[in-house]
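# Coordinate inspection notes
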Amino acid sequence: MKSPKCPLKRINTHARKWIVSHVRSECIGLEIQQKKHNNSLQYYQQQSPPLPMVLTLEIPSAFGYVLAVALAYTLELFVFGGVVGHMRKKHKVPYPDVTGAPEFNRAMRVHYNALEGTPFFFVGLILSGLYWPEVSALAGVVYMIGRAVYCVGYLQAPEKRSAGAYIFHLAELVLLVLSVMFIGRVIFQ
């Protein structure tokens, strides 16, 4: 008669070892050993190796606003790229050239500048949004408005980009402060 197949064979080797060691440690973990040391009794309890610290995050229901802002910003980047494409055709700048007429160069700078700030924006938005989703989403909308004002101003003249830059940098600062506060809460919880 064949012996029944072990259900653990379907699990990868690392998981199987962990399960076996965990079950074994549960069985012998209750045994107490006595050991004499310096004329006193010390009790040792055998335990399994400590498991890594696990952090459980509850995603707030309002986090959907944060995701909507992230998607909207992705669409804004797409629009900035479209402006670059339009200026490329208008000024007949061939591919792969990245310089041409001043208007094309300014459109290219708007798009590059937005792309350069994207990782910082997304990290700040997501981290702060895990604890303050409404405030983070609002800061994200302000950031997008600042980027749009920056784009319109910069396309007209480089000197006119400052108002938009102040707006989106203020939103970045809010997201940075909220992110640091969130990380502090996670670490010192």
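Residues numbered from 1 in each chain as written. Predicted model: local features only at pLDDT ≥ 70, side-chain atom pairs only at ≥ 80, totals over all residues. Heavy atoms only, no water.

How we decide: UniProt positions are given in the numbering used here, feature names are shortened, and annotations may be inferred rather than shown by experiment.
Per an unreviewed UniProt entry, the protein is named MAPEG family protein, and its organism is Naegleria lovaniensis. What UniProt states about the protein under its Subcellular location (unreviewed entry) heading is, verbatim, "Membrane".

### Structural notes on the overall build of the protein
Let me state the cut-off plainly: For helices the rule is a DSSP run of H or I covering at least 4 residues; for strands it is a run of E covering at least 2, with both sets numbered from the N terminus onward. Only protein chains enter the accessibility calculation, which uses a 1.4 Å probe; a residue is then buried when its area is under 20% of its type maximum, exposed when over 50%, and partly exposed in between. Working rule for contacts: check all heavy atoms of both residues, and any pair within 4.5 Å makes them a contact. Here the open area of atoms and residues is found with the Shrake-Rupley method and a 1.4 Å probe, where only the protein chains shown may cover a residue.
On a plain count of helices and strands, the protein comes out with 5 helices and 2 strands. For the protein, the succession of helices and strands along the chain, N to C, is α-β-β-α-α-α-α. The 189 residues of the protein split such that 30% are buried. Residue pairs at least 24 apart in sequence account for 61% of intrachain contacts in the protein once pairs closer than 6 positions are excluded. In the form shown here, the protein has an accessible surface area of approximately 13,400 Å², with 66% of it arising from carbon and sulfur atoms.

### A few points about the pattern of salt bridges
Our working rule: One side-chain nitrogen of Lys or Arg within 4 Å of one carboxyl oxygen of Asp or Glu is enough to make a salt bridge.
Throughout the structure, instances matching the rule amount to 2 salt bridges. A salt bridge links Lys-90 to Glu-103; the shortest N-O distance between them is 3.2 Å. In this pair, Lys-90 is assigned in helix H2 (residues 63-90) and Glu-103 in helix H3 (residues 102-129), connecting sequence segments 13 residues apart. Taking relative accessible area as the criterion, Lys-90 reaches 49% and is therefore assigned partly exposed. Among the salt bridges present, the one from Arg-109 reaches Glu-116, with a minimum N-O distance of 3.4 Å. According to the relative accessible area criterion, Arg-109 is partly exposed, its value standing at 29%. The class for Glu-116 is exposed, based on a relative accessible area of 52%.

### Concerning the nonpolar core
As a rule of thumb, nonpolar side chains are buried together in soluble globular proteins. To keep it simple, the criterion reads: We define the nonpolar core as a collection of buried residues of types Ala, Val, Leu, Ile, Met, Phe, Trp, Tyr and Cys that are connected through side-chain atoms lying within 4.5 Å of one another.
Grouped together as the largest cluster of nonpolar side chains are 33 residues, with contacts concentrated most on Tyr-73, Phe-121 and Leu-125. Of all the secondary-structure elements, those providing two or more residues to this core are H2, H3, helix H4 (133-156) and helix H5 (162-187). With 9 residues, H2 is the single largest residue contributor to this core. Contacts of Leu-125, omitting those with residues within four sequence positions, involve Val-66, Val-69, Ala-70, Ser-136, Gly-140 and Leu-175.

### Here we look at the side chain of Ser-136
Filter applied, for reference: Contacts described as polar in this section are N or O atom pairs within 3.5 Å, which, within protein, must combine one atom able to donate a hydrogen with one able to accept it, while residues neighboring in sequence count only if both atoms come from side chains.
Here Ser-136 is to be found in helix H4. Relative accessible area serves as the criterion here: at 0%, Ser-136 is assigned to the buried category. A distance of 3.2 Å separates a polar atom in the side chain of Ser-136 from the backbone nitrogen of Gly-129. In this structure, Ser-136 is in contact with Val-66, Leu-125, Ser-128, Gly-129, Leu-175 and Leu-178, ignoring residues within four places of it in sequence.

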